[in-house]
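What follows is each chain in one-letter form.
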Amino acid sequence: MEFQPEAQAQTQTQTQTQEQSQEQEQEQSQSQPQPQELQQEIPINKIPVTDQNIALQLLVAFVQLGHRRGAYNIEETAKIHECVEMFKVQEPNKE
């Protein structure tokens, strides 16, 4: 092993670390499916209404769509939010 100046040794170590990180990222990306592959987005108007739960979820989705498009004033938006919160499932604290 030959003597290397400190700056050159640091650069070489950083390069090796970066190469190892890139190899690990490539291995992980090959072994795990990407989120886009797992979820296929379907337009909400194409979802079949098979039960009351799906119907309610679709109603909420359409209300949110209307809100994004600016269909409601601030008071209406607040009331819609209040109604939607009533249907959200509360998760117990993980303490």
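Here, the structure is the one placed above.
These numbers come from a predicted model, not from an experiment.

Caption draft 1: Looking closely at the side chain of Thr77. One can find Thr77 in helix α4 (residues 74-87). Using a relative accessible area of 18% as the deciding quantity, one classes Thr77 as buried. Within the structure, the side chain of Thr77 is placed 2.9 Å from the backbone oxygen of Asn73, a separation counted as a polar contact. Other than its neighbours up to four places away in sequence, Thr77 contacts His67 and Tyr72.

Caption draft 2: Seen up close, the environment of Lys79. Locating Lys79 in the fold gives a position in helix α4. Lys79 gets classed as partly exposed once you look at its relative accessible area, which sits at 47%. Only 3.1 Å separates the side chain of Lys79 from the side chain of Glu82, close enough to count as a polar contact.

Calculation notes
Residues numbered from 1 in each chain as written. Predicted model: local features only at pLDDT ≥ 70, side-chain atom pairs only at ≥ 80, totals over all residues. Heavy atoms only, no water. Helix = DSSP H or I, 4+ residues; strand = E, 2+ residues; numbered from the N terminus. Buried < 20%, exposed > 50% of the residue type's maximum accessible area, 1.4 Å probe, protein only. Polar contact = N/O pair within 3.5 Å; in protein donor to acceptor, adjacent residues only side chain to side chain. Contact = heavy atoms within 4.5 Å.

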